[in-house]
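# Descriptive structure summary
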Amino acid sequence: MLTDEQQETWFAYMRVVLRLQYEMNRQLQTDSGLSLADYDVLNALADSPGARLQLTDLATRIAWERSRLSHHLKRMSGRGLVERTPSESDRRATDAVLTDAGLSALRAATPGHAALVRRMFFDGLDPAALPVLRAALEAVHEQVLATGTLPRPGQRQHRLPGLQTGG
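Residues numbered from 1 in each chain as written. Predicted model: local features only at pLDDT ≥ 70, side-chain atom pairs only at ≥ 80, totals over all residues. Heavy atoms only, no water.

Per an unreviewed UniProt entry, the protein carries the name DNA-binding transcriptional regulator, MarR family and comes from Geodermatophilus obscurus.

Laid out in structure tokens, this is it:
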């Protein structure tokens, strides 16, 4: 059972997440032809050593079911954004590898995406609230990692390549 304050906080969070996902997906599709799902995959690969990850690690990193990732990578591969190759570290596994076209698409999409994130998420916040918000989000993320069903990601992503717009 949730307290009244917990319920109101949860509903506020859900309103933000659902609306932001819609707006980010719409902006990316309109401006770059990428979906938010494409962007998540491309960012995870761009931020990984050699721009590649085993499928299991990529699925864990972006919190997707392995089957969803496999189907999505097939579509992205058909568009030339990624390749699926035998893993360099375990030939029984498969790696997703960011292609030059995928990196170019990511770089082209990032300025508009960053502008939307700034406008919709950060511009309405007092900068003094950011450390408190970040600490709260980090604590929630740690709780999800500790009690959730997915394994803990092997690598922590700190920055999305090219997401910084200055300031």
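Now that the structure has been shown, we can carry on.
### Topic: the packing of helix 1 (residues 4-32) against helix 5 (residues 100-122)
Relative to each other, helix 1 and helix 5 sit at 150°, their axes nearing to 10 Å. Here helix 1 lies roughly antiparallel to helix 5, going by the angle between them. Of the two elements, helix 1 crosses helix 5, and the hand of that crossing is right-handed. Across from Leu 20, Glu 23, Met 24, Gln 27, Leu 28 and Ser 32 in helix 1, the residues of helix 5 making contact are Ala 109, Gly 112, His 113, Leu 116, Val 117, Met 120 and Phe 121. The residue makeup of the contact of helix 1 with helix 5, split by class, is eight nonpolar, four polar and one charged. (Axes fitted to C-alpha atoms, helices over the stretch in contact; angles between N-to-C directions. Helix = DSSP H or I, 4+ residues; strand = E, 2+ residues; numbered from the N terminus. Parallel < 35°, antiparallel > 145°, perpendicular 65-115°, else oblique. Left-handed = near helix turned anticlockwise from the far one by under 90°. Contact = heavy atoms within 4.5 Å. Nonpolar A, V, L, I, M, F, W, Y, C, P; charged D, E, K, R; others polar.)

### Side note on the packing of aromatic side chains
All chains considered together, the criterion is met by two aromatic pairs. On the numbers, 5.2 Å between centres and 35° between planes, the contact of Trp 10 with Tyr 13 is tilted. Here the residue Trp 10 and the residue Tyr 13 both occupy positions in helix 1, the gap between them amounting to three residues, near one helical turn. Where Phe 121 meets Phe 122, the ring centres are 4.9 Å apart and the plane angle is 75°; that geometry is what we call edge-to-face. (Phe/Tyr/Trp six-rings, centres within 6.5 Å; stacked < 30°, edge-to-face > 60°.)

### Side note on the nonpolar core
Where a protein is soluble and globular, its nonpolar side chains tend to be buried together. Among the nonpolar cores identified, the biggest contains 28 residues, and Val 41, Leu 42, Leu 45, Leu 58, Leu 69, Leu 73 and Val 82 are the most heavily contacted of them. When contributions to this core are tallied by element, the ones reaching two or more residues are helix 1, helix 2 (36-46), helix 3 (55-62), helix 4 (66-78), strand 3 (94-98) and helix 5. The element that contributes the greatest number of residues to this core is helix 2, accounting for seven residues. (Core = buried A, V, L, I, M, F, W, Y, C linked by side-chain atoms within 4.5 Å. Buried < 20%, exposed > 50% of the residue type's maximum accessible area, 1.4 Å probe, protein only.)

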